[in-house]
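# A structural walkthrough
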Amino acid sequence: MQRYSGFGLVKHALSHHENWQRQWRNPTPKKEYDVIIVGGGGHGLATAYYLAKEHGITNVAVIEKGWLGGGNTARNTTIVRSNYLWDEAAALYEHSMKLWEGLSQDLNYNVMFSQRGVLNLGHTLQDMRDIQRRVNANRLNGIDSEVLDAKGVQELVPIMDCSKNARYPVMGASWQPRAGVARHDAVAWGFARGADARGVDILQQTEVTGFKILDGRVVGVHTNRGDIGAKTVGCVAAGNSGVLAKMAGIKLPLESHPLQALVSEPLKPILDTVVMSNHVHGYISQSDKGDLVIGAGIDGYLGYGQRGSYSTVEHTLQAIVEMFPIFSRVRMNRQWGGIVDTCPDACPILSATSVKGLFFNCGWGTGGFKATPGSGHVFAASLAKGEMHPIAAPFSIDRFNTGALVDEHGAAGVAH
Amino acid sequence: MFHIYCPYCEEHREEEEFHPKGQAHIQRPEDPEACSDEAWGDYLFFRDNPRGVHHELWVHAVGCRKFFNITRHTVSYEILETYKMGEQPTITAQNLPGKDKQSGVQAASGGWQTVGARPESEALNDASNQGARV
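The model shown is predicted, which means the values in this text are computed figures rather than measured ones.

All names here are of chain B. Even without being a glycine, His-25 presents a positive backbone phi close to 60°. With phi around 50°, Asn-49 is a residue other than glycine that occupies positive phi space. Tracing the sequence through the fold places Asn-49 in the loop between helix H1 (37-45) and strand S4 (53-59).

What follows is the structure in structure tokens.
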């Protein structure tokens, strides 16, 4: 792998930047791998990267039916935070946050992780009580978190309407300074480049059409490019996880919904943090390019079409204009949808299954991007050892039958 | 944006008048106390979540406020039929014509959006060509 550096940039300038090495190969599938990862999004690529880097397992294939990071990795609003209520979820997301903090160096790839802080607004007394509780829980778990009053919020975000005349006046917020945003495509590409350099085969435009299961043990996958053998298979397919699970005869408690997001025309710097509100139901940040990145809730119906209803977009923008009247005349540039695999308790599933050697990493719902490195890290450890990593263990599929849910709707129900 | 026919009001109305309420035809166990953890968990949390024909419950929230069922395709979003509570669907995944078009992403031909790339190679686009090496 050609390392990137300032010196390299100068060197390649001399040849008009025409001789950069390809970031990853486009290999022909082998007959057999030690581990196959189904799904070439951020989480799948991170899993492959950490398998190779931390566990020395390099005979790995990542199978992706479309192109790398073309699903939810490229469709989210790139918010990274770890201020979750319950110990299990906080451990997982904080593990991820710590990896984010060194990720650009680790990958030798600028993922543009910008710790500009995240505000979660409270608009009612109950919101503020929940925020107090969550902030206290965060601090006990060693996660930076503060409660701000309306004045504190106004100082951080002068353009927001924090007046008492607002329809849903801002009463305060929780504030996590270490949270922020990252460049989503770079995350997928950085992990892909790092994994490829360590020998992982990334097979794009290869669709898994079934699993080869022998005596209750997975031995490979069927694809549109022929059968590929494997000792261990990890499925990291977000919205399409349920479809894969059905092929293996496994039930998952997931529902796949459309989630829409949109960006505005580029503006001069005006918003230097991330603002989220569960109550008026929207979240917003400004990208380095200058466009406002806006999202809100899912469309309520099931959908695999990567698009949703216009009325949901309208409600999203109503919420944004409610908080930021100054943006009322900003024009929106693009709008898109992804398929999110929502779980009944708003927490992911990282789990072994009734089929030996077949693992699932799914159910991240509307908030998977922030967990990309952490999810890959603990899932890789689980695949390497054949048993779930301690951080991943509470997120098994069994919890929906035992009742040991990790109910994060309070911290995560709407906004991610 | 859906234009939904309410079988009780007997007219088409805008989507915003309705709320989706998840999978239809889920029976509450007759005796919940007698359920195993497995059966109770399945009833509460596990859903079909199909990529294709889906029978779902909707409520005409700001209209007649009645619940009814919709059969809808979850990729094309096409509403195939609506029917009253207590009735059974006439269109199902088994009897929908052209159902080969629902399965794989790359088998989707025109009409609806696909997930991920559509490969440039014709051979890969051909759903019947399973196992082709390109």
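Okay, the domain arrangement of chain A next. A common way to report how large an interface is uses the accessible area buried once the components associate. All names here are of chain A. Taken domain by domain, chain A comprises domain 1 (29-78 + 185-254 + 345-412) and domain 2 (114-179 + 255-341). For domain 1 and domain 2, the distance between their C-alpha centroids amounts to 29 Å. The partner domain 2 presents 19 residues to the 19 residues of domain 1 that form the contact. Both sides together, the interface formed by domain 1 and domain 2 hides about 1400 Å², and carbon and sulfur atoms give 50% of it. Counting across the domain 1 and domain 2 interface gives zero salt bridges. Our enumeration of links across domain 1 and domain 2 arrives at seven residue pairs in polar contact (both at pLDDT 80 or more). Across the side of domain 1 that touches domain 2, the residue classes break down as seven nonpolar, eleven polar and one charged.

With that out of the way, let us pick up the side chain of Asn-76 of chain A. All names here are of chain A. Within the secondary structure, Asn-76 sits in the loop between strand S2 (60-63) and strand S3 (79-80). From its side chain, Asn-76 meets the backbone oxygen of Thr-73 in a polar contact 2.8 Å long. Filtering out sequence-adjacent residues up to four positions away, Asn-76 remains in contact with His-184, Trp-336 and Phe-369.

About the criteria used
- Residues numbered from 1 in each chain as written.
- Chains lettered and ligands numbered in written order.
- Predicted model: local features only at pLDDT ≥ 70, side-chain atom pairs only at ≥ 80, totals over all residues.
- Heavy atoms only, no water.
- Helix = DSSP H or I, 4+ residues; strand = E, 2+ residues; numbered from the N terminus.
- Domains from an automatic or database assignment.
- Contact = heavy atoms within 4.5 Å.
- Buried area = accessible area lost by both parts, 1.4 Å probe.
- Salt bridge = Lys/Arg side-chain N within 4 Å of Asp/Glu carboxyl O.
- Polar contact = N/O pair within 3.5 Å; in protein donor to acceptor, adjacent residues only side chain to side chain.
- Nonpolar A, V, L, I, M, F, W, Y, C, P; charged D, E, K, R; others polar.

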